[in-house]
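Descriptive structure summary
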Amino acid sequence: MEKAITAVMIDTSAYHNRQCDFSGMTTAMIPTFLRLMESNHIPVLSHPILDAEVRKHIDESEIIKKAQNLTDAIKKSKGVLASLGLSSAELMEIITAEKIKSTLLEAYENFSKSFVMLPYVKAQDVFADYFSKKPPFSTTGSKKAEFPDAFVLKGLLQYCVKNPNDQILVVSSDTDWERTLLNHEQIIMVATLQEALAFMWPQLDDKVEFVSRIWAESIPQIMTAVSTAAEREAYSIDDIYELEDIDISNVRAVSMVGNMTPLEITDTSVLIHATVSLSVTGTAEYCDESRSVWDREDQMYYYKAYTRIHFEDASAEAECEVCLDFPADGSMKNIVVRDVRMTNKWDISIDTTDAITSEEDITGGEDDDGYWLME
């Protein structure tokens, strides 16, 4: 790193990519990054428009949607839960969508108290860019939708003018941001918080080499622990959209994909983010459109036919966070994998392209023509 980063700006796209999880419920990436900026006295630049957008994205977080789905499932399972001596009402009280939203919002507000809020720029400056079609305004499409970004980015550029010695890391995957900030000598852009953390790490801590050695020594343990954790995850199959059921019989972590990213280091532990390649074996059943009958008038299947696919050594990639404990003397002995948490936003997607596969038509319940009758 030639010049130290003196400030950071994070677009809502980066937060949204991590489900706006400011509390660390599903992944520690956002809170870890923001805590590191604060402890290293690197200001996070924001803007009133970004603030409003983040709050809106929190409302739409996948975590909240999953909580609502879980609540619905609990409602449908009251009888089963009661037979196990569990109260569905108490469980729903713990995981309400409103409680999770409140937790995420409270965590965001605690972090945002230390953000440096950039002021609004003059409207005429933004409109000048609009009429001259300068980025972020495009030459085609609805340019009006680009006004929020225009105010934020113009504010950032004015900050650069007033602080010519600052070097700013901007975290965004938005192409409008990229076009606007391209080749600016004071700005470095990365697409994700994971990339930002990897870029900043040498500046923030001097234990990179030490953590890398601990990671390398622990790979066999980590692979075993990730395999066990991955068995509990939900899966889907690429290019199969009418998947009815999937049964995973074996999951094996094969290798790491790309570089690991340290999230947090103490004297005796390290929390690391990594992407892992998996080998997956199992069986799935799906609606076979080629053998089903679609009623165009009623816009529904008149008959549904199903196919069972068996797959062995199919491939998948999954994100995870691994917590390693190590001796306080810094030795490489007795390193223990304390915890593994899978952090995929969606179901883990299986690619069967290079897998050993076989298919069979499901015959039970089919009519004389070989179609499964839809009830």
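These lines cover the structure that appears in this document, whether it is placed above or below. (Residues numbered from 1 in each chain as written. Predicted model: local features only at pLDDT ≥ 70, side-chain atom pairs only at ≥ 80, totals over all residues. Heavy atoms only, no water.)

1. What about the overall build of the chain?
Going by this rule: Elements are defined by DSSP. Helices are runs of H or I of four residues or more, strands are runs of E of two residues or more, and each kind is numbered from the N terminus. Residue exposure (1.4 Å probe, protein chains only): buried if accessible area is under 20% of the type maximum, exposed if over 50%, otherwise partly exposed. We call two residues contacting when some pair of their heavy atoms lies within 4.5 Å. The accessible surface values rely on the Shrake-Rupley method and a 1.4 Å probe; as for residues, cover is taken only from the protein chains in view.
If you tally the helices and strands in the chain, you get 12 helices and 14 strands. Buried positions account for 45% of the 375 residues belonging to the chain. Sequence-distant contacts in the chain: of pairs separated by 6 or more residues, those separated by 24 or more amount to 73%. When the accessible area of the chain is evaluated, it comes to approximately 19800 Å², of which 49% is carbon and sulfur surface.

2. Looking at the nonpolar core
Defined as follows: Here, nonpolar core refers to any group of buried Ala, Val, Leu, Ile, Met, Phe, Trp, Tyr and Cys residues whose side-chain atoms link them within 4.5 Å.
Membership of the largest hydrophobic core comes to 40 residues, with the highest contact counts inside it found for I10, Y15, F22 and L34. Of all the secondary-structure elements, those providing two or more residues to this core are β1 (7–10), α1 (12–17), α2 (29–39), α3 (48–59), α4 (62–76), α7 (97–112), β4 (168–171) and α11 (193–204). In this structure, L34 is in contact with I10, Y15, F22, V44, F111 and F115, ignoring residues within four places of it in sequence.

3. What to know about the environment of D245
Relative to the helices and strands, D245 resides in strand β7 (residues 243–265). Distance in space between the C-alpha atoms of D245 and R308 is 9.3 Å, their sequence separation being 63 residues. In contact with D245, not counting residues within four places along its chain, are T283, A284 and E285.

4. What about the packing of aromatic side chains?
How we decide: In this analysis, rings of Phe, Tyr and Trp, with Trp reduced to its six-membered ring, are considered paired at centre separations within 6.5 Å, and the interplanar angle assigns stacked below 30 degrees, edge-to-face beyond 60, and tilted for intermediate values.
Enumeration over the complete set of coordinates arrives at four aromatic pairs. Ring geometry for Y15 and F22: centres 4.8 Å apart, planes at 50 degrees, overall tilted. By relative accessible area, Y15 is classed as buried at 3%. F22 sits in the buried class, given a relative accessible area of 1%. Among the aromatic side chains, those forming a connected cluster through ring pairs are Y15, F22, Y108 and F115.

5. Structural notes on the sheet that holds strand β3 (residues 116–117)
The line we're drawing: Note on pairing: DSSP must find at least two bridges between two strands before they are called paired. Axis definition: a line fit to C-alpha positions, over the contact stretch in the case of helices; interaxial angles, taken between N-to-C directions, run 0 to 180 degrees.
Spatial ordering of the open sheet is given by β3-β2-β1-β4-β5, a layout of five strands whose pairing is parallel. If you trace the sheet from one side to the other, it starts and ends with β3 and β5 (187–190), each paired once. Across four bridges, the pairing between β4 and β5 is parallel. Pairing of L169 across the sheet is with I188, part of β5. Contacting β1, β2 (44–46), β4 and β5, helix α9 (residues 147–162) crosses the sheet at an angle of about 165 degrees to β4.

6. Some details on unusual backbone geometry
A positive phi angle is found at C20, which is not glycine, with a value near 55 degrees. Within the element layout of this structure, C20 appears in the loop between α1 and α2. Phi angles above zero are rare outside glycine, and D239 is one such case at about 70 degrees. Of note, D239 is situated in the loop between β6 (235–237) and β7.

7. With respect to empty space enclosed by the protein
Just so we agree on the cut-off: Grid spacing is 1 Å over the protein atoms alone, the probe is 1.4 Å, and a cavity is where that probe fits but cannot get out, while a pocket is an open set with protein on both sides within 12 Å along at least five of seven lines and lining residues have an atom within 4 Å of a point. Grid points are joined across faces, edges and corners, and a volume is the space filled by probe spheres set on the points. Note on residue categories: nonpolar means Ala, Val, Leu, Ile, Met, Phe, Trp, Tyr, Cys or Pro, charged means Asp, Glu, Lys or Arg, and polar means any other residue, Gly included.
By the definition in use, this model includes one cavity of 30 Å³ or more. Estimates place the volume of the largest cavity at around 40 Å³. Going through the elements one at a time, β2 and α3 are the ones with two or more residues in the lining of the largest cavity. A total of three residues in the lining of the largest cavity trace back to one element, the largest contributor, which is β2. The residue inventory of the lining of the largest cavity, partitioned by class, reads eight nonpolar, one polar and no charged.

8. Let's talk about the pattern of salt bridges
As a working rule, side chains carrying opposite charge can pair if their charged atoms are close by. Selection criterion: In what follows, salt bridge is the name for a side-chain nitrogen of Lys or Arg lying within 4 Å of a carboxyl oxygen of Asp or Glu.
This structure, assessed with the given rule, holds 15 salt bridges. Of the charged contacts, one joins R18 and E319 as a salt bridge, the two residues approaching to 3.0 Å between their closest N and O atoms. You can see R18 sitting in the loop between α1 and α2 and its partner E319 sitting in strand β11 (residues 306–325), a full 301 residues away along the chain. Note that K101 is salt-bridged to D59, the shortest N-O span being 2.9 Å. With a gap of 42 residues between them, K101 in helix α7 and D59 in helix α3 connect regions that are remote in the sequence.

9. As for the layout of surface pockets
Approximately 270 Å³ is the volume found for the largest pocket. Split into classes, the residues belonging to the lining of the largest pocket amount to five nonpolar, four polar and five charged. Residue composition of the lining of the second largest pocket, by class: one nonpolar, five polar and three charged.

10. Details of α9
Note the cut-off: Each residue after the first adds 1.5 Å to the expected span of a helix.
Over its 16 residues, α9 extends 23 Å from the first C-alpha to the last, a length consistent with the 22 Å expected when each residue adds 1.5 Å. All buried positions along α9 are accounted for by F147, D149, A150, F151, V152, L153, K154, G155, L156, Y159 and C160.

11. Brief notes about the environment of A73
Mapped onto the secondary structure, A73 falls in helix α4. Considered as a pair, A73 and S88 are 15 residues apart in the sequence and their alpha carbons are 10.0 Å apart.

12. Remarks on the side chain of T281
Counting through the fold element by element, T281 comes out in strand β8 (residues 269–287). Sequence-distant contacts of T281, defined by excluding residues within four places in its chain, comprise I248, S249, N250, F311, E312 and D313.

13. Details of α7
Helical geometry: 3.6 residues make up each α-helical turn, so side chains three or four residues apart lie on a common side. As a reminder, the rule being used: An arc is given here, and it is the one of the directions from the helix axis to the C-beta atoms.
Look at α7: 22 Å from first C-alpha to last across 16 residues, which is about the 22 Å you get at 1.5 Å a residue. All of the buried residues along α7 are A97, I100, L104, A107, Y108, F111 and S112. Along the long axis of α7, the arc covered by the buried residues comes to 135 degrees, so they all point the same way. Exposed positions of α7 whose direction lies more than 90 degrees from the buried face are E98 and E106. In this structure, the buried side of α7 is in contact with α2, α3 and α4.

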